[in-house]
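What the coordinates show
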Amino acid sequence: MTYTPVSYDPYDFANRRHIGPSPSEMEEMLAVCGVSSLDQLIEETIPASIRQDKALDWAPLAEHELLAKMREVAGKNRVMTQAIGQGYYGTVTPPAIQRNILENPAWYTAYTPYQPEIAQGRLEALLNYQTMVSDLTGLPVANASLLDEATAAAEAMAMAERAAKSKARAFFVDEACHPQTIEVIRTRANPLGIEVIVGPADTLDANAVFGAIFQYPGTFGEVRDFTSEIEALHAAKAIAVVATDLLALCILKEPGAMGADIAVGSSQRFGVPMGYGGPHAAFMSCRDELKRTMPGRIVGVSIDSRGNKAYRLALQTREQHIRREKATSNVCTAQALLAVMASFYAVFHGPKGLRAIAERVHFNTVRLANALKAAGADVQPQAFFDTITVRVGVGQQGIMAAARHRGINLRKVGRDRVGISLDETTNDDVITRILDAFGITEEAPKTIEIGVPDAMIRQSDYLTHPVFHMNRAESEMMRYMRRLADRDLALDRAMIPLGSCTMKLNAAAEMMPITWPEFGSLHPFAPINQAQGYAEAINDLSDKLCTITGYDAFSMQPNSGAQGEYAGLLTIQAYHRSRGDVDRNICLIPMSAHGTNPATAQMVGMKVVVVKTAPNGDIDIEDFRAKAAAAGDKLAACMITYPSTHGVFEEAVREVCEITHQHGGQVYIDGANMNAMVGLVQPGAIGGDVSHLNLHKTFAIPHGGGGPGMGPIGVKAHLAPFLPGHPETGGDEGPVSAAPYGSASILLISWAYCLMMGGEGLAQATRVAILNANYIAARLRGAYPVLFMGNRGRVAHECILDTRPFAEAGVTVDDIAKRLIDNGFHPPTMSFPVPGTLMVEPTESETKAEIDRFVTALLSIREEIRAVEAGEIKAEDSPLHHAPHTVEDLVAEWTRPYPREQGCFPAGSFRVDKYWPPVGRVDNAYGDRNLICTCPPIEEYQDAAE
């Protein structure tokens, strides 16, 4: 007989691993949508006038081929001992944290904890982080992380301007700040009209500034007390900021003890690899009176519906994208996963362990300094923690080369000095090799000598809460991490159908390389010839993104989507400035835009003019035309999202771009919805001049429970000369991030995604994302109104369910969202872009079975709403109002008018593997009225319950 081999390819990553529905399931879904093929659905969804005609054509790699290629590329990086310092240090990631946090999808696939009932685990870990930062800096309030130290310093400057009573318009920057921090501050200050004065701390004129920032320890190692400078600032009604180092603060006097108002820095050296620049969680803490002006997220303690302790994001109206054009910052992404790692590092080691590590680093530095001095070297400064400089004159290049030959990178300081920073990884061998590079063969004697004056030694306790004193046996640590993970709902448990957020598969093969030392241990300022693997990955990813978007150049520097927006508008401004158009300052933004858009325009000093939205959700083209004409030669830009935030491909997008260009403006297309475009539509070909891409959405970087993210920007050729520069790599424009390539290590995830999907696979993923969304819309037709659809009745990759009609019966959008938790789902995006609605985005990675389970849950909830509408049960007595139901509800005495079975095991929920939220509905108002944002003592929990 004739043997017929199977056509199934088990190595086809795109269609067998990444894309959820099988070919036969797609046929069933297409039938429900009323079309005969996927091509027909795309024709009815995307206007023919904007579809690209050239397919993405690179071939895919199987997972094992990808990992082999990654090994080859990793081998082109050179793993060195990094003694460069400048804010980046070698650290030891405890294997228990690497395996159970960084490499665990329960942690890295979670979303931002806007739904607190299903985020209690990561909220507790972030509260631990806040407590750690607050304790070590000596300031009572800390946030749940910012993007990196340099941008945290820039945020602190803006915060100081808001809080200061001084009328001055200048900000003083200690010249001992890290160079990248100084330059990012300058970038941020320029469009806001803030004068930046850089100089020695001794030259501060407190009366001439609204605030000042000091680095402690300084970039070249100096440890000094800034109490007198801070007192002078306070006398002048100005604000004092201290950029500091958490490990140093384990033995050094804390900023709070000096009177500082704000402290910032990076928690990188608390177990987070350097990764060629990131991602790392920056921190900010402040005096209590300043907490409502602090950017970023704050985790607080509240109570649930039974009075039990419950964590939540506090003061959410502070979120800058909610405040829109009234925003003072556009911070949207945090670095939650890295903050969680740093917090567990503190729990893992406890205060004694951290102090021991700090002392070991310091004593090794004293030991090295003594050996250098004994050999006649000129070593500075007199007081230091982990960093010294050595004056070597014309021997600078020779000594640095000798050190490199011995596997060590030193820092070039000026023309005649060499900087040396030691860290947790420094051992006897490292010290011997450093001394050998200087031609010193004598052994450095061990010491416990302190290299700072007695007055600079810390006197206060820190990390006193019981969580930092738990038994540190790995068994106990592992169980603590597991308990917290089990309280959360992430993609490893269920679909997360968040509109505008694209919670797709984060494949294991994409994640694996980021923990390899060849990628993780590189310093961002290492010589470029040591980072050839990174150069190859970044360049190839840039080329592929140019092909995908139709742009001509990319900057990988922005390390969040909001920062990509910021970099994009700065690029547009620099372009206008180069042409003498210094008065172009108006930015047109539709009402439907994501809130970071107007916030970003505000940050770059543009005037926001809001454009109306038509009843069908499209931009009101006549209003746009009129406002563009009114702006005239002052029009700088428009910011649009495509497909629109309403989930529709607007027909008039080319017209919007043409009108903007007619008046000399530039078109910024927000890339938040790029998952509906890859392989089908190029924003750079339909009129866009610049776009940011959310790599943590479209290109498979996991959301990490609220970060990390990456927001690189693509531009047309005329804007390429104006992309962000960096003091380490050059460029005419200022940097927007601390490192030249932002959070470089996670770019590897997006590159791996593109390589395994191949060009055809990426386009197919887009098609299936559109299919999945239209399938949900078709299945729910008649139960929930779908608010916006295109001219042919189709949605893009997401659909908006209108739940506002149910409010007449007393059922709110919150009730529906919380009831979905009982069904084992993360609720869709609530009340954005339209209040009282749910925006659903299934992504291409969800299987038909999971989507059907989600639809079953929503249809079941609709029947519960009908029972309320029919008067069969009051809204306040219904399972909707009492959702989510906990195990405590299951075992407690049942007094509710609906069956226990209905409340606790609704349709769509699993029985054996059911997710039980650890708390009931959280009381948001209570948490804001009684703000607790560090680990409180047990008594406060008891008081809250009463």
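Residues numbered from 1 in each chain as written. Predicted model: local features only at pLDDT ≥ 70, side-chain atom pairs only at ≥ 80, totals over all residues. Heavy atoms only, no water.

1. Brief notes about the environment of isoleucine 746
Along the chain, the position of isoleucine 746 falls in the loop between strand S22 (713–715) and helix H24 (747–779). Residue isoleucine 746 is classed as buried on the basis of its relative accessible area of 4%. Isoleucine 746 sits 232 residues away from isoleucine 514 along the chain, and the two C-alpha atoms are 6.7 Å apart. (Helix = DSSP H or I, 4+ residues; strand = E, 2+ residues; numbered from the N terminus. Buried < 20%, exposed > 50% of the residue type's maximum accessible area, 1.4 Å probe, protein only.)

2. Structural notes on unusual backbone geometry
Each neighbour pair has its own omega, and for tyrosine 216 with proline 217 the value is -10°, a cis peptide bond. For the peptide bond that leads from phenylalanine 832 to proline 833, omega is 0°, which places it in the cis range. Tracing the backbone through its elements, the reader meets proline 833 in the loop between strand S24 (829–830) and strand S25 (837–840). At lysine 237, a residue that is not glycine, the phi angle is positive and equals roughly 65°. Among the secondary structure elements, lysine 237 is positioned in the loop between helix H10 (227–235) and strand S6 (239–245). Judged by its relative accessible area of 54%, lysine 237 falls in the exposed class. With a phi close to 55°, leucine 463 is a non-glycine residue in the positive phi region. Tracing the backbone through its elements, the reader meets leucine 463 in the loop between helix H15 (428–437) and helix H16 (474–486). In this structure leucine 463 comes out as buried when scored by relative accessible area, which is 0%.

3. Observations regarding the packing of aromatic side chains
Enumeration over the complete set of coordinates arrives at 19 aromatic pairs. Residues phenylalanine 699 and tyrosine 753 carry aromatic rings whose centres are separated by 6.2 Å and whose planes lie at 85° to one another, so their mutual orientation is edge-to-face. In this pair, phenylalanine 699 sits in the loop between strand S21 (690–693) and S22 while tyrosine 753 sits in helix H24, placing the two residues 54 residues apart along the sequence. Exposure class is identical for phenylalanine 699 and tyrosine 753. Each is buried. Here the aromatic cluster, defined as three or more aromatic residues joined through ring pairs, consists of Tyr276, Trp516, Phe519, Tyr534 and Tyr741. One cation-aromatic arrangement involves arginine 896 over tryptophan 894; the distance from NZ or CZ to the ring centre is 5.4 Å. (Phe/Tyr/Trp six-rings, centres within 6.5 Å; stacked < 30°, edge-to-face > 60°. Lys NZ or Arg CZ within 6 Å of the ring centre and 35° of its normal.)

4. Description of the sheet that holds strand S17 (residues 586–590)
Across a sheet, strands are paired by hydrogen bonds formed along the backbone, either parallel or antiparallel in direction. The sheet built from 7 strands is open, its strands ordered S16-S22-S21-S20-S19-S17-S18 with mixed pairing. Two strands bound the open sheet, and with one partner strand each, they are strand S16 (553–555) and strand S18 (607–611). When the angles between neighbouring strand axes are averaged without regard to direction, this sheet yields 25°. Two strands pair when backbone bridges link them, and strand S19 (residues 635–641) and strand S20 (residues 666–671) are joined in this way by 5 bridges, in the parallel orientation. Bridged to methionine 639 within S20 is tyrosine 668. Of the strands in this sheet, S16 and S21 are in contact with helix H19 (residues 532–549), which crosses S16 at around 120°. (Pairing = 2+ DSSP bridges. Axes fitted to C-alpha atoms, helices over the stretch in contact; angles between N-to-C directions. Contact = heavy atoms within 4.5 Å.)

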